[in-house]
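Read off the chains here:
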Amino acid sequence: MKSKLIVAIDQIAPSTGGFWTTLDIVEALQERYDVKIFIIGFNYYSSIKTLITIVKERFGLGVLYFPFVKKNNPSSNFLKSFLKTLYSFFLYIVFFKDLKRSQEFLKTTQKIFLSSFISLRDLEELKQITIKDICIIQNHAGSIETIGNFSKIINGARDNSSYSAYLAKVDKILFQSQLQEENFRQIHNELEVETFSFLPSINERKLKIKKAVKKSQIFKDVKCFNIVYVATIQKRKRQDFCLKVFKELYLKDQKINLFLIGEYFNDDYFSNLKEYIEKNKISHRVHFLGYREDYVDYLRYCDLVIHPSGAEGVSRILRESLFFGKAIIASNIEGNRDLFENENSAVLIDPENIKSFSESVLMLKNDINLLNDYEKKARISYDKHLSFDMYKKNILNYF
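Described below are features of the structure shown in this document. These numbers were taken from a predicted model, which means no experiment stands behind them.

## Points about the overall build of the protein
Okay, so step 1: Counting its secondary structure elements, the protein contains 18 helices and 13 strands.
Okay, so step 2: Counting every position in the protein, which comprises 399 residues, the buried fraction comes to 54%.
Okay, so step 3: A total accessible area of about 19,100 Å² is found for the protein, and carbon and sulfur atoms account for 50% of it.

Spelled out as structure tokens, the structure:
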């Protein structure tokens, strides 16, 4: 009989790379464990429905629920807090049978993998309803700075004390890169917690079975040089910087298109981006597509992937780009350096240097041999260092 293992999800966001990486981990773990998806915290019902559909289609797994009412999350809006509490109570009633199943499964589960950080309060509640010697493995999918700031927000803290207090209560931490693990050890060597790291992968078999489409169905203007940036539209991903780079490009070459794919969470930031492209008269060449389920086809058929993000764990979009053998220009930041340290498989640029970004794009556009060379190196690097079979072995060795 297989041992039981729970993969816990707090923030349900099927449009993000982290969500799909979690499901890849689930698929790898199913070889050895009886795996259940476990939802912790307050979430909108539409998101839960989406998750259920995805999980059932992909794994035939049931989904367990345990919606905590997060009393420790301060809110300036009394009505909003009241509705959240009421909504959580509604979920409790609707999913009462599932909650009982959840508790029964938890009492006999040996390991829990937390795919994202939850609040200290939720972690304590989780530990109280599990077996005494439960092994909790925390996924650290991001830089220490990014995760530390996130921990402050969800715990309503003023400093990073909640981050270290939280990690002191888990048994193992999985980092997406060796650099992140080393940085953590340098800063938090007082914490007696086991750490390990390896580069995440993607399930390439899932990409291969996507319905085939033609390049002309994705890019209407195939004679132009089509650049794609896939990321949620937010300040950390720096679409504003990307537009400044494109403005420089457009002054030198008008036969270039930029496609920005990803949903936006901040109305003001998105409005500023739209205002910028109108003001600089590049709206006919810059295309905001929102979140698209077929974004991989844009990666598959584009001429170049650009990724000027300011902070990353190890980007899933860049991993998928390597799989498709695409030339990549990205910020020289932690996470990206781990991903591209082998075979010079991408062009890494100082994240503040607009001129270097634009010049690198033109260099690849105007030199087909150099462009093809980066494309070949990309796929070679993926096969050597990121294959899903290799990833499965790493997951099972450490879990």
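## Brief notes about the nonpolar core
Okay, so step 1: Ile227, Leu258, Val286 and Ile306 are the most contacted members of the largest nonpolar core, which totals 34 residues.
Okay, so step 2: In terms of residue count, the dominant contributor to this core is helix 11 (residues 239-252) (seven residues).
Okay, so step 3: Ignoring any residue separated from it by four or fewer positions in sequence, one finds Ile306 in contact with Ile227, Val228, Tyr229, Cys242, Val245, Leu258, Ile329, Phe357 and Val361.
Okay, so step 4: Counting 28 residues, the second largest nonpolar core, distinct from the first, contains Val230, Ile317, Leu322 and Phe323.

## Thoughts on the pairing of strand 5 (residues 135-140)
Okay, so step 1: Summarising burial for strand 5: six of the six residues are buried, a large majority.
Okay, so step 2: Both strand 4 (residues 111-114) and strand 5 contribute to a ladder of four bridges, which runs parallel. Paired with Leu114 across the strands is Gln138, a residue of strand 5.
Okay, so step 3: Handedness of the β-α-β unit built from strand 4, helix 5 (residues 120-128) and strand 5 comes out right-handed.
Okay, so step 4: Direction of pairing for strand 5 relative to strand 6 (residues 172-175): parallel, over a ladder of four bridges. Across the sheet, the residue bridging to Ile137 is Lys172, located in strand 6.

## Looking at the sheet that holds strand 13 (residues 347-349)
Okay, so step 1: Sheet architecture is open: six strands sit in the order 10-9-8-11-12-13, paired in parallel fashion. Every other strand in the sheet has two partners, leaving strand 10 (286-290) and strand 13 as the edge strands with one partner each. Mean inter-strand twist for the sheet, computed between neighbouring axes without regard to direction, equals 20 degrees.
Okay, so step 2: Where strand 12 (residues 328-331) and strand 13 come together, three bridges link them in parallel fashion. Its bridge partner lying in strand 13, Ala330 is registered against Leu348.
Okay, so step 3: Where helix 11 meets the sheet, it contacts strand 8 (225-230), strand 9 (256-261), strand 10 and strand 11 (304-307), and its direction lies at approximately 170 degrees from that of strand 9.
Okay, so step 4: Contacting strand 8, strand 9, strand 11, strand 12 and strand 13, helix 16 (residues 354-365) crosses the sheet at an angle of about 170 degrees to strand 12.

## Examining the packing of helix 14 (residues 316-323) against helix 17 (residues 368-385)
Okay, so step 1: Running from N to C, helix 14 and helix 17 point in directions that differ by 110 degrees, and their axes come no closer than 7 Å. The orientation of helix 14 relative to helix 17 falls into the category roughly perpendicular. Only Ala378, Arg379 and Tyr382 of helix 17 make contact with helix 14, whose side of the interface consists of Arg319, Leu322 and Phe323.
Okay, so step 2: Its residues placed into classes, the contact of helix 14 with helix 17 shows four nonpolar, no polar and two charged.

## What to know about the pairing of strand 6
Okay, so step 1: The side-chain alternation of strand 6 yields two buried faces, one formed by Lys172 and Leu174 and the other by Ile173 and Phe175.
Okay, so step 2: Pairing of strand 6 with strand 7 (residues 194-197), which is carried by four bridges, proceeds in the parallel orientation. Residue Ile173 lies in a different strand from strand 7, and its bridge partner there is Thr195.
Okay, so step 3: Where the polypeptide runs from strand 6 across helix 8 (residues 178-187) and back to strand 7, its parallel neighbour, the crossover connection is right-handed.

## Details of unusual backbone geometry
Okay, so step 1: Within the chain, Arg238 stands out as a residue other than glycine whose phi angle is a positive 60 degrees.
Okay, so step 2: You can see Arg238 is positioned in the loop between strand 8 and helix 11.
Okay, so step 3: Despite not being glycine, Lys281 has its phi angle at roughly 55 degrees, a positive value.
Okay, so step 4: Tracing the sequence through the fold places Lys281 in the loop between helix 12 (267-279) and strand 10.

What counts, and where the lines are drawn
- Residues numbered from 1 in each chain as written.
- Predicted model: local features only at pLDDT ≥ 70, side-chain atom pairs only at ≥ 80, totals over all residues.
- Heavy atoms only, no water.
- Helix = DSSP H or I, 4+ residues; strand = E, 2+ residues; numbered from the N terminus.
- Buried < 20%, exposed > 50% of the residue type's maximum accessible area, 1.4 Å probe, protein only.
- Areas by Shrake-Rupley, 256 points an atom, 1.4 Å probe, with all protein chains shown as cover.
- Core = buried A, V, L, I, M, F, W, Y, C linked by side-chain atoms within 4.5 Å.
- Contact = heavy atoms within 4.5 Å.
- Pairing = 2+ DSSP bridges.
- Right-handed = clockwise from strand over helix to strand, strands pointing away.
- Axes fitted to C-alpha atoms, helices over the stretch in contact; angles between N-to-C directions.
- Parallel < 35°, antiparallel > 145°, perpendicular 65-115°, else oblique.
- Nonpolar A, V, L, I, M, F, W, Y, C, P; charged D, E, K, R; others polar.

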